[in-house]
Amino acid sequence: MNIEPRDTVQNTIKNLQDKITNIESMLDKGSDCLIFQYGSHSIKFNKASDALPRKIRNLIGYRVQTPKKMQQNVDLSSVDDPSYILEEKLISKGSLKAQPKSMRGKPRAKIEIDLRNIKPFQNKKEINKFAINPLQQLMDDKSIVFEDDVFVYESRPDYVIKQPIKHGFFNLTNGQTINDVIDDLQKLTLYILSNKLEITLKEVQDYYCILIIPDVFQRNQIKALIDMLLRQIGFKGIYIHLESVLASFGANLLTCCVVDIGYEKINVTCVDEGIILPGTYVRKNFGSKDLDQLLMRQIIKRNAYDQSIIQVNPYIYGDLLQMEKLKEKACLLIQKEDKLNYLYELHCSRDAQEKKFLVQHNDGLYVVANSFTEQDCLNALRIKIQVDECFDFTGRLFELQYDPEDNLEELSGGVQLSWLWGSKEKELQYQQLQQLNQENDQNHQILNPNFMIPLDQMILYSIQQVQDQEMRQKLANNILFVGGGTQLQDLVDEIEGLLIERFQLFEMNEIERVEVKNIIRDVKPINIAWIGATVLPKTESITEMWISKSRWLGDFEQYKDEMEEIMNNYDGDVGNLEKKLQQYAKKDKEKDRTSEYGIKHLKEKIAFIW
């Protein structure tokens with residue numbers, strides 16, 4: 001009588017064990033794959049089998065023989081007038097009020113903003129016994145510095161700090177070349193492998209790599225980056241994909257409007273079933289770094305800290321890091337009374353010495369937070385801090401790095417960004433059109449990467465480019481915020497409200513609801529694209545997706561097989577063998593050993609237009 005229930009229990013246990021084994025197998029997938037995302041602010045990295053990425057700042061410092069000329073503090077007073085106008089606007093709509101009498105005279109509460117416990121300030125140094133690599137001796141004598149050491153040594157005249165990625169592209173300012181940038185990124189990658197992941201150069205040959213790239217990229221830059229990862233670092237194989245598409249994977253959204261607010265760029269684009277919809281791409285060379293610079297000006301202008309202790313400088317990365325942390329802790333779109341009496345303790349470095357100072361809570365914190373929806377402050381800032389032409393992808397296509405095969409036309413709809421492609425006549429037409437319409441042409445302002453428009457207007461424009469009404473409704477219901485700049489408190493609610501008004505104004509009646517999503521399954525928006533990349537190694541087709549090192553370098557396996565076949569089929573006829581070997585030698589000489597063959601192979605593998 002008891003046999004049947006016992007069998008049932010045993011079957012249930014077996015099924016559970018099978019499920020557990022299957023889950024463990026799925027979790028283990030990706031343990032031989034590393035994911036890299038090289039951003040303007042940080043490099044995110046980790047094994048694909050890990051739940052979250054790790055990151056380091058994308059900065060590298062070199063000790064130089066000739067002392068550098070110290071960067072003078074730039075005058076940011078051009079933002080004062082638009083900041084005052086924005087402050088008055090916030091007061092008029094009730095988002096900002098005078099300090100209530102009940103709060104006056106109360107002692108201020110000190111809130112320490114702990115900047116990742118910068119190790120040199122605390123006389124601590126992590127010794128990694130696994131860190132045996134070509135950089136180690138240079139790191140030991142401080143010829144090259146990474147991570148927190150950058151902030152300690154950057155104010156010294158015998159150190160130069162380099163930022164390899166700027167506005168999402170290679171940083172080709174100050175005479176830097178693609179080879180210089182690749183050299184910096186190679187050193188940073190070696191540092192990550194040995195000091196963070198504890199993987200030797202010999203072991204890295206057993207790993208695959210997934211590279212997350214921007215939606216708009218310059219081909220020769222990505223080619224150089226892939227070549228470095230395969231040829232110099234030595235990964236077994238590589239796969240690349242676009243960050244907005246991977247963000248949709250990470251959020252598990254089939255259709256969405258991805259709004260990526262990074263450190264130095266803002267991307268807005270619509271994605272459907274893993275494809276970026278043509279014409280929906282809006283890109284701006286603005287980001288959370290611009291808010292940090294605005295915040296710096298606000299605390300200076302309002303005398304919110306004791307300037308006799310230190311003069312903060314927008315060209316010093318450590319000072320901007322302080323503003324970044326202050327912004328995350330204190331900047332709000334709408335005033336909250338319980339924060340009015342706060343003091344914030346910040347830490348900066350000068351000549352490897354720590355400088356502490358207190359910043360008072362002030363109305364400038366609200367002005368900064370609202371600058372993504374009120375663009376005048378950011379445009380005034382851009383007058384003083386110019387963006388080099390090599391980052392303007394609507395202009396001369398990155399100056400001398402012009403590549404007529406770039407994918408900009410595909411993403412922009414093929415009209416606005418294609419003027420310079422082809423003849424001098426088209427270039428002249430473009431210049432004439434700019435002169436006539438620069439002030440009044442709204443489309444020019446929307447597509448100009450160096451002119452800021454309100455964030456809600458970017459989203460509206462992107463969704464407007466989709467003609468199907470049902471698709472528009474899906475996009476409006478799934479607006480996905482990603483990137484570190486989307487973590488401003490109250491930003492989601494503010495954008496939802498502004499978009500509802502804009503959709504009604506433009507009579508897009510098919511859109512009845514707007515929903516902005518920024519935290520998916522407890523994953524922060526800054527990590528969503530990286531999480532999306534972890535999905536790829538777990539797919540059944542992954543073995544067919546890899547671009548192998550040998551194929552990239554043009555080492556044709558079929559030629560090796562052909563040589564073996566020639567030798568195996570040798571029948572004693574020396575003349576015939578000599579003839580076949582000559583034919584083989586001719587083929588071997590003519591074969592393409594450059595990465596251009598790898599590009600052909602890459603185009604066959606990737607899921608987007610190269």
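Predicted model, so just to flag it, every value in this text is computed and none were measured.

A. Summary view of the sheet that holds strand S10 (residues 208–213). Read across the sheet, six strands follow the order S3-S2-S1-S10-S11-S20 without closing on themselves; strand pairing throughout is mixed. On the outer flanks of this sheet lie strand S3 (54–57) and strand S20 (547–548), each paired with one strand and no other. The strands that helix H6 (residues 219–233) touches are strand S1 (33–38), S10, strand S11 (237–242) and S20; relative to S11, the one it contacts most, it runs at about 150 degrees.

B. Fine view of helix H17 (residues 491–505). Under the 1.5 Å per step criterion, the end-to-end length of H17 is 21 Å for 15 residues, consistent within 8% with the ideal 21 Å. Turning to H17, its buried residues are Leu 491, Val 492, Glu 494, Ile 495, Glu 496, Leu 499, Arg 502 and Phe 503. Next to the buried residues of H17 lie strand S12 (255–261), helix H15 (455–464), helix H16 (469–477), strand S18 (479–482) and strand S19 (516–517). Looking at the residues trailing H17, positive phi occurs at Glu 507, about 55 degrees.

C. Quick peek at unusual backbone geometry. The backbone phi angle of Glu 273 is positive, close to 50 degrees, even though this residue is not glycine. Looking at Glu 273, the relative accessible area reads 56%, which means it is exposed. Even without a glycine there, the phi angle at Asn 303 is positive, about 50 degrees. Within the element layout of this structure, Asn 303 appears in the loop between helix H8 (288–301) and helix H9 (317–330). By relative accessible area, Asn 303 is classed as exposed at 55%.

D. Examining the sheet that holds strand S4 (residues 60–63) more closely. Taking strand neighbours across the sheet as the criterion, the three strands line up as S6-S4-S7 in an open arrangement whose pairing is antiparallel. Edge positions in the open sheet fall to strand S6 (144–145) and strand S7 (159–162), since each of these has one partner strand only. Running at roughly 105 degrees to S4, helix H5 (residues 178–196) makes contact with S4, S6 and S7 of the sheet.

E. Focus on the packing of H5 against H6. In the contact formed by H5 and H6, the axes pass within 10 Å of each other and the chain directions differ by 45 degrees. Between H5 and H6, the angle falls in the class oblique. In terms of crossing hand, the pair formed by H5 and H6 is right-handed. Side by side, H5 and H6 meet where Ile 178, Ile 182, Leu 185, Gln 186, Thr 189, Leu 190 and Leu 193 of the first sit next to Asn 220, Gln 221, Ala 224, Leu 225, Met 228, Leu 229, Gln 232 and Ile 233 of the second. Taken together, the residues that form the contact of H5 with H6 break down as ten nonpolar, five polar and no charged.

F. Up close: the pairing of S11. With six of its six residues buried, S11 lies for the most part within the structure. In this sheet, S11 lies alongside S10 in parallel orientation, the contact comprising six bridges. Within S11, the position partnered with Ile 213 by the bridge is Leu 242. A crossover links S10 with its parallel partner S11, the connecting element being H6, and its sense is right-handed. Note that S11 and S20 share two bridges and pair antiparallel. Each residue of the ladder has a partner; that of Ile 238, found in S20, is Ile 547.

Analysis parameters
- Residue numbers restart at each chain and count upward from 1, following the sequence in its written direction.
- Note on the predicted model: pLDDT of at least 70 is required for a residue's local features to be given, and 80 or more for side-chain atom pairs to be given and counted; whole-chain, interface and lining totals, by contrast, use all residues.
- Excluded from the side-chain calculation are hydrogens and water; included are all heavy atoms of the structure.
- Two strands are counted as paired when DSSP detects at least two bridges linking them.
- The numbering of helices and of strands both runs from the N terminus, where a helix is a DSSP run of H or I of at least 4 residues and a strand a run of E of at least 2.
- Residue contacts are defined here by distance: any two heavy atoms, one from each residue, within 4.5 Å place the two residues in contact.
- What counts as an axis is a line fitted to C-alpha atoms, over the stretch in contact for a helix, and the angles between N-to-C directions run from 0 to 180 degrees.
- Every helix has an expected span of 1.5 Å times one less than the residues it contains.
- Only protein chains enter the area calculation, which uses a 1.4 Å probe; residues under 20% of their type maximum are buried, those over 50% are exposed, and those in between are partly exposed.
- Our angle categories are set so that under 35 degrees counts as roughly parallel, over 145 as roughly antiparallel, 65 to 115 as roughly perpendicular, and the remainder as oblique.
- The hand of a helix crossing depends on one turn: near helix anticlockwise from the far one by less than a right angle means left-handed, and clockwise means right-handed.
- Under this grouping Gly is polar, as are all residues other than the nonpolar Ala, Val, Leu, Ile, Met, Phe, Trp, Tyr, Cys and Pro and the charged Asp, Glu, Lys and Arg.
- When the strands point away from the viewer, a crossover counts as right-handed if the route from the first strand across the helix to the second turns clockwise.

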